[in-house]
Every structure is written in C-alpha cells, then in structure tokens.
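# Fold and geometry: a report
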Amino acid sequence: MQPSITFTVVAAPNKKLVRKTWAVVLCQIGNRKVHIEASRWPAPPLSLLLGSVFNSVLTQKDYHGKKRYFVSDPKPADSAFFDLSHQLASDFPELRARLGKLVKRNAGKSLLDAAADPVKLKTLLKVSAKRAEKIILSLGGFTLAGVDAAAALNDESIIPVNMCSELKLSDKIEVASNPYHLCVALQSSECHSKLKVLCIADALAKSRGLSPDDPNRLEAHAEFAINRVCQQTGSYWVPPTSVVTEAGKHMQKNWPSDVSTEPAVRTALQGTARIVCEQDGSVSTKKMAETEHRVAVWVTRLASRGPPAPKALALAQHILDGGNTSSPCAEALLHLDQTQQAAVISALSNPVSIITGRAGTGKSSVLAVIEMLVDATASPISDGSVIDTEAKALQRVHEHAAAHHLTLAAPTGKAANRLTQLTGKRASTIHSSLYQQVSPTRIALDETSMLDPLLFRELMDEKGEQLRMLLIVGDDAQLPSVCPGAFLRDLIASGRLPCTALTIIHRTGPGSVIAERASAIARGEDGGIAPTVDGEDAAWTVSVGSVDTSKMRALQRARALHHAKEPFIVLAQTNHTVELLNSELQSFMNPPSPNKREVLASLNNDKGRRVWRENDIVVATKNHYGLGGQRICTNGEKGELISIVGKQITVKFIDGGHTHTFTPGTPDLLHAYALTAHRSQGSEEEHAIAVVDMYEQFQSRESLYTIASRGKASTAIFGEARKLYAALHRTSRDQRQTMLAQRLM
C-alpha cells in the first residue's frame, strides 16, 4: 500500500486545464513543485484557494515519455476550515485574496473562531462592520459544531467528492443532521440524477442508524415518486396508488427491510412540507402546485390590464374600414382571410389572447401582421446625447424596442429561427429572454403547445411586471411539452381568455388531401390513416407493413425524391430509428469521395460508430454562444459540415451563417438527414416521409398528427397497422392531469 502524501496548491488551474471534475494543478511537495492531476477535487477546480493543503496517495506514471503525477479524491487537511473558507470565497469573491493569505498563514483556527463574532471577523478579514454582519448572515446560523459535522461529510466515503463539492456549507450542516436534505440541495443539479442522489441519501441514513420508516425518508421517496410518475404521464397531479407503487420499488431496493413502508408512505401523501394533497385525493409536489397557482395568478393579473396597443388597433380598424389601403401594413392585413383578420383585432384589443389553429392555417402570418402594425405605430426613438458611447446608444435601442415594439419568442431555437424567417424580425428562445437586461411590454409566444407551465412561470416572474400585451400562439393538436403540464390546452379549456381558432389551411391549399387527412387524424377518425393503393394519390400515402419494411419503403421514396432533386424531410418517432435512417440516407445523399475528408466517432459512448463527412447535414442539440453573448446556433438549428481538421469538425449553420467547431461524437451535434417528430415540430418541407415505429403504449395522436402535417406537396406514412391505430386512438393531452384550467375559471 502506498503511503499518504501531503501537498499544497501553489497555482490554480486555468480554464484550458479544467475538464469537468478533474484539473491539472501546480502543487508543492516538500521542496518540489509538480503538476498533479486529480480525478476529483473537493471543490470546483477553478475556485481552489492558493495554499490549500490536501492529503492523498500520489501515483507516478509515464505519459508519452513524460512523468505525470496523479491523485484520486484528495482530502483537505483541515476539512472544517476548507469548507468555511471556500464557502466565503464563493459567496464573496472579493475576499478570495484575503482568504488565500489566511490559508497560507495556516490561520484556520482563527477564522473558525471569528466566523461567529462580527468584531473578530471585521479585524481578521479587514472589512467593515456592516460587511462582517452580512458575511455571518450568509453562513446561516454558523456554529463550530455544525461546521465540524459538515466537515465530516468530506471524509464520508458514501458521498462522492464531486457531489460533496456542489454543496454549500449551510447545506452540509443540514445534511449532517438530515441525510435527505441532500435531495433538496441537489434538486437542480445537472451532474447527478435524482435517483442517484436518493440512493446516496439512503446509504448515508443507513450508516447513521436511522430507521427505514424515518419521516424524512418517507417524504423524500414520496416526492421522488411523484416527480417520476408526473414525468412519465406528463401530469401535474397523480393518484396516490401509482405513487405508492413507484416509491415502494426504490425504497425496498435501496434499503431492504421487513417493515412495510406502504402505510407510512400513504400517510406522507396526506401532506408534508414538500407534498400537497388535493380534495379529490390526487397529490403533487409543492413546487408543481405553486407553479400552477403562480401561472393562474399571472394570467389573471395580465388579463385585467388595459388595452395593449390602442394605436395599432386604430390603424388596423382604419385599414379594414377601407382607409390607407396602399401601405405595406394594409396589403399584409387585407391579404389575410376573415378569421385571421379577426385574430389580429382580438390580439390588439385584449391584453392576453390566444390564436390557435391546425398546421398550415397561417398562425405565423397573423403574428407577422400584428408585429408590422405595432411597429408602424411605435414612437420614434430619440436621438439621445451626442456624448453617448456606442454601448449606451445600443442600450437605448434595446430599451426602445422593448417598450414600443412586439418581442417574439418561442420554446425552442428551431421554432424561434422559423419565426424569424416568417416575420423578418429576430425572435429569441424563451430561455434566452429570461436573461435579457430589458423587460418587454409586449410579447408574443409561438409554438406554445411545446411550452410547459414552469417555463412560463419563470418568464412571468422575470418579465411580467412591465408586460401590457401577451399573445399566445399554438396548435393544441400537436405534441405537448416534454416536461409535465398542458399549458396551451388548459388556457383554451378555461374559457377565461379570448381565443381565435383559424380554420382555413393555406399551407397545402383548401380541399387538399393532406389537409383533409391530417385534420381527420387530429379528430381521431380512422379515415385519416386508411391505407392507400399505389398510384391512388401522389400527395398522400399510407403504407402498412413491419418496421423493417416501413424503413425500406421510406428509404426508397427518399432515394427517388433525392434523384429528382426534390426537397424532403424524413421523420421517425424514436432516436434509434432516426440513427439507422441517418446512416442509410447519408450513404446516397452524401456518399464517400476522395475529395471529402471524414472521421469515425461514437456518440454518447455508444458501441456503434458513425461517419462524420464533409458536406453532411447536421443539427445542433444545444445553444452555443460566441464572444459577447452572440448567438452562433440554437438547439434544433441545421447546418452543413464544411471542414474536418484532425479531430475537429467545423459546421456552418444555415439560418445565421455562423460557424462553430465541434468534437466528433459530441451529443451537441447530430446528423439531420432524418429527425424525430419532436425536432420537426414547427418546420415544413415540400415532401414529408414518416416512419411510425414507437411501441403502442407510447404512441399518441399528437405525434402522428405532427408528422402527418409537415409536408406541403406530399406526405407518406409507413408503419404497422396496430401502431397507427394505437396512435390515432390515444391522446397524451387527455392523460395529462392538471388543475390549471380549474384555477383560471
């Protein structure tokens, strides 16, 4: 067994040397300075204080002819002092240098003694009395006993070091007395699954000698089970029976016991600090119940505000009455059908309104006309001061746009880009709108069938105070949000808000077979998926066969359209089928050539390897930003792979024209010859080819309708008959149990 060694951090790593949970750090061992690579530091590597002392086992290895030093899970020499100093450095970055000096002076005991005394802390850190009180307040009732208990977690082999490093000192103190506080402290963590955190909390509780029916354990498992069932069903409220069954599986697996926990779980579901029970017996978490309540409050508040755009409304009515018919606004407004014109008037008359309609009914066209009318009647921007800097002038432009124009947003980057193309005005994702410095007074949300209540609540909590106009646009027959909830469905069902339903389909033209069959699917009629005979109608094809046969026929059709140089989109319901189709489509849409460089790489550690080739069509699965926050690409945006250099591939994105470099195999980038139904939502193409491949229990009418309504000139659907009928007669919207509509009534 190798002896333990003590080393001191003498230089923190830079960003180039940090890779998630490990970093190469310059340390001192005796009189020698060496670079040490740690698999997991007990704090984020970039926040390590100089002078921090660690104990670990040092391993020396040869790496390409050079000596490299490695340690695994280094432990702080003084855990209590380490926790306290790093918590202060995290909350008060301006104190990092002074804390570093204390670390170097080995003044751990002095800081621990002073941390509860503002007079001593003021002297030790050389801060004002007010700042000293603020520091003590941030520690949340600091006690030496509490810090000692929290420090023991650093040496607890049950909790992984990287998980422990994410906990604040106050959370560590709480976890030391209640292991299940770990689930609360890490509920927003992206690095650890909730199930993993719950398992570790169980192991920690077991090591502390707690009972299997401890109330904190029952509450944690019940909350986890509610979240799991809600995610599976898309509901906000679920029956207790399904929660008890789900909780029992994990409780018995993590901590086998002869004691039945089912009665205790049922008792916990009657209501705790984190679980809410309704009168009908259904249960939810406090966070989800509060989200529904806050959404209802915001919608009610906004609906009670005054006219959102009186000047734009007057202009629209003047145009419809026959005046000023030669302006661009007039031409665009008069080009709409009567229902669309009514939607424009409703949106400009009511502070909150809804525009809905099936795919291709011109919802985005209506939105573009509303945006034109609001812009045409907006007050001109002032000239400002002659001494304004460029930054101040740009800030004035943003503030003016937020105050006088219509802000456009959508749940996904693909939908935002599509909205930008249709309106000619830049639209953003709802997530990016949360972090913009200015608050808009008028906002239009497109593709809201994909919007979940939690994201809407976050948007309103951040931007709702100044809002005078909220326009909600979407098709409730399309796929609902990935997260639980049925936001658009509930708003329409409440009857509280003015809602205009567009009925005339303009994408394929009135009376087209695509429009008729897609509408039949949306209504749940069997005629929508009736198999067709070859040559019966080139615009609509439904071919029944096994999954393999369906893939083969879909590829044959894609090959024919490719040779005819017709634009088309290929869709499937599962990622597995999309991967298979992408590989086959790539073989003839972008075949290998001596002039094209290519590289092999696996995806997400899969066993299979994929070919990345120059001229490939790809899609981003994550937002990427450049210097100054400039958006390079958004989730769902397509691009072309333009070059491969070594192990780096460069992609030029179609919408913005920006380029970005990726590593082959990264989950941030996928081939886009075929797409899932979710990724296709909000897009359209001349020809659509779809493979219905999902298991019957996961099929839904919304998924079938989404893929059936993507084509303008033709649509071809391939799949097994039982899966097609399972999809037609199962709606995920009806299975989503929520109470938002009732709260709005």
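This text goes with the structure placed above it.
Attention now moves to the sheet that holds strand β12 (residues 428-429). Taken together, six strands build an open sheet; the order of strands is β12-β11-β13-β14-β10-β15 and the sheet is parallel. The open sheet has two edge strands with one neighbour each: β12 and β15 (499-502). In terms of strand pairing, strand β10 (residues 352-357) meets strand β14 (residues 469-474) through five bridges, oriented parallel. The partner of S353 across the bridge, within β14, is L471. Against the sheet, helix α20 (residues 413-423) makes contact with β11 (407-410) and β12, and its axis sits at roughly 140° relative to β11, the strand it touches most.

All right, on to the state of the cysteines then. In total, this model carries zero disulfides according to the counting rule given. Summary of cysteine pairing: C199 is not part of a disulfide, and the nearest cysteine sulfur, belonging to C183, is at 9.5 Å.

With that settled, the discussion passes to the side chain of E447. Looking at the secondary structure, you find E447 in the loop between β13 (442-445) and α22 (453-463). If we skip the residues at most four places from it in the chain, E447 touches P411, A415, V473, Q478, Q681 and G682.

The two faces of a sheet get side chains in turn, since along a regular strand they alternate between them. Residues T500 and L502 of β15 are buried on one face, while the alternating residues C499 and A501, pointing to the opposite face, are not. Sheet topology note: the β10/β15 ladder contains four bridges and is parallel. Directly across from I355, in β15, lies its bridge partner T500.

Another point: the packing of aromatic side chains. Using the criterion set out here, one finds six aromatic pairs in the structure. Centre to centre, the rings of F456 and F487 are 4.6 Å apart; their planes meet at 35°, and the pair counts as tilted. Of this pair, F456 sits in helix α22 while F487 sits in helix α23 (residues 487-494), and the two are 31 residues apart along the sequence. By relative accessible area, F456 is classed as buried at 0%. Looking at F487, the relative accessible area reads 1%, which means it is buried. On the numbers, 6.3 Å between centres and 70° between planes, the contact of F653 with F662 is edge-to-face. Of the two residues, F653 and F662, both sit in the buried class. Put simply, the rings of F7, W41, F54 and F82 pair up and form one aromatic cluster. Positioned above the aromatic ring of W298, the side-chain terminus of R301 is 4.4 Å from the ring centre.

On to a positive patch on the surface, then. A cluster of like positive charges, contributed by R98, K101, K104, R105 and K126, occupies part of the molecular surface. In this structure, R105 sits in the loop between α2 (96-104) and α3 (108-114). The exposed category is assigned to R105, whose relative accessible area is 56%.

Definitions and cut-offs
- Residues numbered from 1 in each chain as written.
- Predicted model: local features only at pLDDT ≥ 70, side-chain atom pairs only at ≥ 80, totals over all residues.
- Heavy atoms only, no water.
- Pairing = 2+ DSSP bridges.
- Helix = DSSP H or I, 4+ residues; strand = E, 2+ residues; numbered from the N terminus.
- Contact = heavy atoms within 4.5 Å.
- Axes fitted to C-alpha atoms, helices over the stretch in contact; angles between N-to-C directions.
- Disulfide = S-S within 2.5 Å.
- Buried < 20%, exposed > 50% of the residue type's maximum accessible area, 1.4 Å probe, protein only.
- Phe/Tyr/Trp six-rings, centres within 6.5 Å; stacked < 30°, edge-to-face > 60°.
- Lys NZ or Arg CZ within 6 Å of the ring centre and 35° of its normal.
- Patch = residues over 30% accessible without salt bridge, like charges linked within 9 Å, V, L, I, M, F, W, Y side chains within 5 Å.
- Areas by Shrake-Rupley, 256 points an atom, 1.4 Å probe, with all protein chains shown as cover.
- Salt bridge = Lys/Arg side-chain N within 4 Å of Asp/Glu carboxyl O.
- Lys, Arg positive; Asp, Glu negative; His and termini not counted.
- Charge placed at Lys NZ, Arg CZ, Asp CG, Glu CD.

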